[in-house]
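Letter by letter, the chains look like this.
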Amino acid sequence: MHNNIKHVLFDLDGTLVDTAPDLAFALNRTLVKRGREPLPFEMIRPSVSLGGVALVKLGFRLDESDPEFTPVRNEFLAIYRDNLSTHSRLFPGMELVLDRLEQTGVSWGIVTNKPAWLTDPLMQALQLDTRTPCIVSGDTLEHRKPHPAPLLHACKLLQCEPRETVYIGDDRRDVAAGTSAGMATLVASYGYIVSTEDPGNWGADGFIDSPEDILPWIRAGGR
């Protein structure tokens with residue numbers, strides 16, 4: 001039972017920041033440059049939390065073993081890098097949540113599978129890098145989520161205990177990593193979840209339909 005939550009860790013894409021508009025733009029720009037039709041935003045959004053590889057597979061129907069895959073992925077990432085903070089913003093209500101956490105002395109941080117060369121400039125653009133000492137990217141360590149190592153590393157940065165920490169994410173890997181690290185876990189139901197997934201089967205401690213639900217959940221002792 002996690003009934004004394006003093007620290008909050010967030011997944012990035014689809015949990016803390018709505019990055020889907022810029023990632024969709026990059027994928028569609030890559031498709032058009034290569035003579036293909038762009039995809040509807042509604043088709044792209046659910047796959048964003050699965051990462052760049054999944055988005056390239058979605059758009060181009062290419063397997064990673066295809067010789068075209070790496071050049072297409074590199075072009076997509078280059079376009080994204082140049083547009084990564086054009087429309088990406090904190091999810092509605094999240095600014096208030098971060099303010100309240102800071103006011104009440106609840107430390108918070110970010111653990112993402114996004115590589116640092118994309119994470120760091122996005123955090124700087126959104127002025128989040130100065131608000132937390134804890135930004136763990138997908139290449140910070142040897143392991144990435146669903147391995148618990150990034151979350152345990154985040155606890156070292158925040159000088160906190162996993163049992164007093166909740167990890168919030170919108171992917172099965174987030175719940176698996178948090179659980180393995182000995183943390184409470186919440187699923188961000190407003191995030192990027194593909195229709196074939198049932199978050200009810202992920203084993204999380206709870207669900208939030210909006211960022212504002214985080215604070216009452218913590219006050220209720222994680223119930």
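What comes next is a walk through the structure. Note that this is a predicted model, so its numbers are computed, not measured.

Quick notes on the rules
Think of each chain on its own: its residues are numbered from 1, step by step along the sequence as written. For this predicted model, a pLDDT threshold of at least 70 governs which residues receive local features, and a threshold of 80 or more governs which side-chain atom pairs are given and counted, while totals over whole chains, interfaces and linings are taken from all residues. Side-chain metrics in this entry use all non-hydrogen atoms of the structure; hydrogen atoms and water are not considered. The numbering of helices and of strands both runs from the N terminus, where a helix is a DSSP run of H or I of at least 4 residues and a strand a run of E of at least 2. Contacts are residue-level and defined by heavy atoms, with any inter-residue pair within 4.5 Å sufficient. The distinction between a cavity and a pocket rests on a 1 Å grid over the protein atoms alone: a 1.4 Å probe fits inside a cavity but cannot get out, while a pocket stays open yet meets protein on both sides within 12 Å along at least five of seven lines, and a residue with an atom within 4 Å of a point counts as lining. Grid points are joined across faces, edges and corners, and a volume is the space filled by probe spheres set on the points. In this classification, Asp, Glu, Lys and Arg are treated as charged, Ala, Val, Leu, Ile, Met, Phe, Trp, Tyr, Cys and Pro as nonpolar, and every other residue, Gly included, as polar. Here a salt bridge means any side-chain nitrogen of Lys or Arg lying within 4 Å of a carboxyl oxygen belonging to Asp or Glu. Partly exposed describes any residue whose relative accessible area lies between the buried limit of under 20% and the exposed limit of over 50%, with all areas from a 1.4 Å probe on protein chains only and scaled to the type maximum. Strands pair, by our definition, only if DSSP identifies at least two bridges between them. Axis definition: a line fit to C-alpha positions, over the contact stretch in the case of helices; interaxial angles, taken between N-to-C directions, run 0 to 180 degrees. Here is the rule: rings of Phe, Tyr and Trp (six-membered ring for Trp) pair when centre to centre is within 6.5 Å. Planes less than 30 degrees apart are stacked, more than 60 are edge-to-face, and the remainder are tilted. Throughout, the term roughly parallel applies to angles under 35 degrees, roughly antiparallel to angles over 145, roughly perpendicular to angles from 65 to 115, and oblique to all others. Note on convention: the crossing is left-handed when the near helix lies turned anticlockwise from the far helix by less than a right angle, right-handed when the turn is clockwise.

### Re the environment of Ile 193
Following the sequence through the fold, Ile 193 ends up in the loop between strand 7 (184–188) and strand 8 (206–208). Spatially, the C-alpha atoms of Ile 193 and Cys 160 are 29 Å apart, while their sequence positions differ by 33 residues. If we skip the residues at most four places from it in the chain, Ile 193 touches Pro 46, Asp 170, Val 187, Ala 188, Pro 199 and Trp 202.

### Let's talk about the layout of surface pockets
Quantified by volume, the largest pocket comes out at close to 470 Å³. Taken together, 27 residues make up the lining of the largest pocket; nearest its centre are Gly 51, Gly 52, Asn 113, Lys 114 and Arg 144. Elements that contribute at least two residues to the lining of the largest pocket include exactly helix 3 (52–60), helix 4 (69–81) and helix 8 (172–180). The element best represented in the lining of the largest pocket is helix 4, accounting for four residues. When grouped by side-chain class, the residues that make up the lining of the largest pocket number ten nonpolar, six polar and eleven charged.

### Considerations on the pattern of salt bridges
Tallying each qualifying case throughout the model produces 15 salt bridges. Here Arg 131 and Glu 102 are joined by a salt bridge, their closest N and O atoms 3.0 Å apart. Remark: Glu 102 occurs in helix 5 (residues 94–103) and Arg 131 occurs in the loop between helix 6 (116–125) and strand 5 (135–136); sequence separation between them is 29 residues. The class of Arg 131 is partly exposed, set by a relative accessible area of 24%. Through salt bridges that share partners, Lys 33, Arg 34, Glu 68 and Glu 75 make up one connected network.

### Side note on the sheet that holds strand 1 (residues 7–10)
The strands making up a sheet associate through backbone hydrogen bonding, with each pair oriented either parallel or antiparallel. Pairing is parallel in the open sheet, where six strands are placed in the order 5-4-1-6-7-8. Either end of the sheet is taken by a strand with one partner, and the two such strands are strand 5 and strand 8. Packed onto the sheet, helix 8 meets strand 6 (165–169) and strand 7 and runs at close to 170 degrees relative to strand 7.

### What to know about the packing of aromatic side chains
Describing an aromatic ring pair means giving the distance of the ring centres and the angle of the ring planes. Applying the stated criterion across every chain yields a total of three aromatic pairs. Between Phe 10 and Trp 108, the aromatic rings sit 6.2 Å apart at their centres with planes inclined by 75 degrees, giving edge-to-face as the arrangement. With Phe 10 in strand 1 and Trp 108 in strand 4 (residues 107–111), this pair connects stretches of sequence that are 98 residues apart. The buried category is assigned to Trp 108, whose relative accessible area is 2%. Measuring from ring centre to ring centre gives 6.3 Å for Phe 91 and Tyr 192, while their planes differ by 50 degrees; the resulting arrangement is tilted. You can see Phe 91 sitting in the loop between strand 3 (89–90) and helix 5 and its partner Tyr 192 sitting in the loop between strand 7 and strand 8, a full 101 residues away along the chain.

### Some words on the packing of helix 4 against helix 6
Pairs of packed helices are described in terms of their axes, by the angle between the two and the distance that separates them. Between helix 4 and helix 6, whose axes approach to 11 Å, the crossing angle comes to 15 degrees. As the angle between them shows, helix 4 and helix 6 are arranged roughly parallel. Taken as a pair, helix 4 and helix 6 cross one another with a handedness that is left-handed. Together, Leu 77, Tyr 80 and Arg 81 of helix 4 and Trp 117, Leu 118 and Leu 122 of helix 6 make up the contact between the two elements. The class makeup of the residues in the contact of helix 4 with helix 6 is five nonpolar, no polar and one charged.

### Observations regarding the pairing of strand 4
Among the five residues that make up strand 4, four are buried, leaving the element largely enclosed by the rest of the structure. Pairing geometry for strand 1 and strand 4, over four bridges, is parallel. For Phe 10, the partnering residue across the bridge sits in strand 4 and is Ile 110. Across two bridges, strand 4 lies against strand 5 in parallel orientation.

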